[in-house]
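Residues per chain are reported as follows:
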Amino acid sequence: VVVFVGGGIWLATDEPTGLPPSLADPVVVDLVLEPDPEPVIEPFVEPVPRPPTMATPIDVAVAAHVEPPAWQQHAVAPPTAAPGTPMIALLIDDMGEARMWSDHIVALPGPLTLAYFPHVPDLVEQVDAARRGGHEIMLHLPMEPKDRAENPGPDPLLTGLDAEALRRRTMAMLDSVDGYVGVNNHMGSRFTTDEAAMALVLAEVQDRGLLFVDSRTTPDSVGERLARALGVPTLRRDIFLDNHADGPLIEAQLAALERHARDHGYAIAIAHPRPDTIAALAGWLPGLFERGFFLAPISTIVARHQSTDLLPANEPTGANLFNGGVIL
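Predicted model, so just to flag it, every value in this text is computed and none were measured.

Enquirer: Looking at this model, I keep getting lost on the overall build of the protein chain. Mind explaining?
Expert: Helix and strand content of the protein chain: 11 helices and 14 strands. Put simply, the protein chain has 328 residues, and 44% of those count as buried. Counting only carbon and sulfur atoms, one obtains 58% of the accessible surface of the protein chain, whose full area is about 17,500 Å².

Enquirer: I would appreciate a short explanation of the layout of surface pockets in the present structure.
Expert: Think of a ball as big as a water molecule: rolled over the atoms, this probe shows where empty space is left. Approximately 230 Å³ is the volume attributed to the second largest pocket. His186, Met187, Thr217, Phe240 and His272 are, among the 13 residues lining the second largest pocket, the residues nearest its centre. For the lining of the second largest pocket, the elements supplying multiple residues, two or more each, are β4 (87-95) and β7 (182-187). Top element by residues in the lining of the second largest pocket is β7. It accounts for three residues. Residue composition of the lining of the second largest pocket, by class: three nonpolar, seven polar and three charged.

Enquirer: I'm lost on helix α10 (residues 275-284) in this one. Help?
Expert: Note on helix geometry: an α-helix contains 3.6 residues per turn, so any two residues three or four positions apart are oriented the same way. Looking at α10, one finds that the buried residues are Thr277, Ile278, Ala280, Leu281 and Trp284. Looking straight down α10, one finds its buried side chains confined to an arc of 165°; they lie on one side. Seen from the buried face of α10, the exposed residues on the opposite side, beyond 90 degrees, are Ala279 and Gly283.

Enquirer: I keep staring at helix α4 (residues 99-106) and nothing clicks. Help me out?
Expert: Listing the buried residues of α4 in full gives Ser102, Ile105 and Val106. Axial view of α4: buried residues confined to an arc of 100°, hence all on one face. Those residues of α4 that are buried are in contact with β4, β5 (113-116), α5 (123-132) and α10.

Enquirer: Would you explain the pairing of β5 in this entry?
Expert: For a regular strand, the rule is simple: side chains alternate between the two faces of the sheet. Here β5 shows no split at all, with Thr113 and Ala115 on one side and Leu114 and Tyr116 on the other all buried. Summarising the sheet, β4 and β5 pair through three bridges and their orientation is parallel. Paired with leucine 91 across the strands is threonine 113, a residue of β5. Following the backbone out of β4, through α4 and into the adjacent parallel β5, one traces a crossover that is right-handed. As paired elements, β5 and strand β6 (residues 136-143) share four bridges and run parallel to each other. For leucine 114, the partnering residue across the bridge sits in β6 and is isoleucine 137. As a crossover connection, the stretch from β5 through α5 into β6 is right-handed.

Enquirer: So what exactly am I meant to see when it comes to the nonpolar core here?
Expert: Nonpolar side chains in soluble globular proteins tend to be buried together. With 58 residues, the main nonpolar core has Leu90, Leu114, Tyr116, Leu241, Leu257, Leu281 and Trp284 as its most contacted residues. By residue number, the principal contributor to this core is helix α7 (residues 195-207), which donates six residues. Those residues in contact with leucine 241, other than ones at most four positions away along the chain, are Leu90, Leu249, Ile250, Gln253, Leu254, Leu257, Ala269, Ile270, Ala271 and Leu281. Among the nonpolar cores identified, the runner-up in size contains 20 residues, and Leu91, Val213, Ala296 and Val302 belong to it.

Enquirer: Before we go on, may I ask you to explain the packing of α7 against helix α8 (residues 223-230) in this structure?
Expert: Helix-helix packing: each pair is described by the crossing angle between the helix axes and the interaxial distance. At their nearest, the axes of α7 and α8 sit 10 Å apart, and the two run at 50° to each other. It follows from the interaxial angle that α7 and α8 lie oblique. Taken as a pair, α7 and α8 cross one another with a handedness that is right-handed. Touching Glu195, Met198, Ala199, Leu202, Ala203 and Gln206 of α7 are Gly223, Arg225, Leu226, Ala227 and Leu230, all from α8.

Enquirer: Would you explain the pattern of salt bridges in this entry?
Expert: What the rule picks out here adds up to 16 salt bridges. Of the charged contacts, one joins arginine 167 and glutamate 164 as a salt bridge, the two residues approaching to 3.4 Å between their closest N and O atoms. A residue pair is termed a helical-turn pair when its members lie 3 or 4 positions apart in one helix, as arginine 167 and glutamate 164 do in helix α6 (residues 163-174) at three residues. Under the relative-accessibility criterion, arginine 167 is labelled partly exposed at 28%. Residue classification places glutamate 164 among the partly exposed positions, given a relative accessible area of 41%. The closest approach of N and O atoms between arginine 236 and glutamate 224, which form a salt bridge, is 3.6 Å.

Enquirer: Looking at this structure, how should I read unusual backbone geometry?
Expert: Phi is mostly negative for residues that are not glycine, and the peptide bonds are mostly trans. Look at the link from glycine 110 to proline 111: it is a cis peptide, with omega at 15°. Within the secondary structure, proline 111 sits in the loop between α4 and β5. Backbone geometry at aspartate 155 places phi at a positive 45°, although glycine is not the residue there. One non-glycine residue, methionine 187, adopts positive backbone phi at about 60°.

Enquirer: Before we go on, may I ask you to explain the environment of glycine 182 in this structure?
Expert: By the element assignment, glycine 182 lies in strand β7. Those residues within four positions of glycine 182 in sequence are excluded, and the remaining contacts are Ile137, Met138, Leu139, Leu210 and Leu211.

Enquirer: Would you mind going over the packing of helix α9 (residues 247-264) against α10 with me for this structure?
Expert: Their axes nearest at 9 Å, the elements α9 and α10 cross at an angle of 45°. By the angle class used here, α9 and α10 are oblique. Handedness of the α9/α10 crossing: right-handed. Within the contact between the two elements, α9 uses Gly247, Ile250, Leu254, Leu257 and Glu258 and α10 uses Asp276, Thr277, Ala280, Leu281 and Trp284.

Rules used in this analysis
Residues numbered from 1 in each chain as written. Predicted model: local features only at pLDDT ≥ 70, side-chain atom pairs only at ≥ 80, totals over all residues. Heavy atoms only, no water. Helix = DSSP H or I, 4+ residues; strand = E, 2+ residues; numbered from the N terminus. Buried < 20%, exposed > 50% of the residue type's maximum accessible area, 1.4 Å probe, protein only. Areas by Shrake-Rupley, 256 points an atom, 1.4 Å probe, with all protein chains shown as cover. 1 Å grid on protein atoms, 1.4 Å probe; cavity = no way out; pocket = protein on both sides within 12 Å on 5 of 7 lines; lining within 4 Å. Points joined across faces, edges and corners; volume = space filled by probe spheres on them. Nonpolar A, V, L, I, M, F, W, Y, C, P; charged D, E, K, R; others polar. Arc of directions from axis to C-beta. Contact = heavy atoms within 4.5 Å. Pairing = 2+ DSSP bridges. Right-handed = clockwise from strand over helix to strand, strands pointing away. Core = buried A, V, L, I, M, F, W, Y, C linked by side-chain atoms within 4.5 Å. Axes fitted to C-alpha atoms, helices over the stretch in contact; angles between N-to-C directions. Parallel < 35°, antiparallel > 145°, perpendicular 65-115°, else oblique. Left-handed = near helix turned anticlockwise from the far one by under 90°. Salt bridge = Lys/Arg side-chain N within 4 Å of Asp/Glu carboxyl O.

Okay, here's the thing in structure tokens:
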């Protein structure tokens with residue numbers, strides 16, 4: 001029998017235990033319970049909050065690795081010239097279809113800006129050769145003209161397409177090659193006047209970090225204005241050199257190009273890979289520096305307008321580069 005009495009335990013039994021009497025007698029065991037220690041309360045210290053604008057090292061690392069847009073990544077650095085020297089950009093359209101004449105353009109002193117059709121079968125090969133020659137690359141997007149008798153090329157951008165079909169055609173063109181800075185329109189005297197259609201195309205251009213040059217095949221084009229509204233780096237063509245493929249007329253347009261560059265600080269000309277144009281440019285380019293101008297890729301002029309510093313890593317390379325009036 002075990003009996004709990006107060007704070008002790010009393011043990012008793014009627015059975016013989018076989019123990020000495022002093023051990024067989026009932027035993028009372030007192031259990032002494034130590035009180036719990038008092039909890040130690042540390043004094044409360046108000047934490048110092050981090051200012052909400054303080055950047056952590058991870059934030060800084062992430063910010064340092066933000067890549068520049070494609071038009072800056074693929075830009076070609078221009079030859080060095082004194083501040084204030086008028087700049088001229090030669091944008092050669094319709095590149096790639098007539099391979100022989102396109103190759104003659106690539107062989108000219110540069111840096112030129114060469115706009116290739118996206119449907120050219122050997123596009124990648126031609127673009128790679130042009131880049132090795134020190135030239136800047138654009139895509140020349142076929143767009144709907146007003147005159148339906150004119151053929152803008154395969155799968156052009158048309159105002160009659162629904163939004164999804166137009167987006168698919170635009171993306172297919174933009175995916176045709178890598179390493180270009182932007183796009184300009186081939187024909188497009190009808191398409192570039194349609195705000196909804198142009199806004200859709202320029203949204204894709206903006207999403208890829210490209211620039212846009214409005215070829216201005218019509219004075220009613222909304223391309224440049226919409227591009228600015230969307231934040232797309234943009235400029236427009238100033239002079240067409242060879243609307244008439246005649247040597248003396250091309251030379252007269254080259255003189256007009258120089259006047260425009262002197263008056264405005266820069267000028268953008270569009271020309272094409274044609275025999276008379278190539279002959280005129282071959283005679284005009286070598287003396288450009290002595291006449292007080294320097295030849296610049298289109299990205300340089302866009303950057304000047306946007307006060308943007310271009311990446312220094314894309315120096316032109318090749319045996320035909322023009323610098324200071326000397327073919328290197």
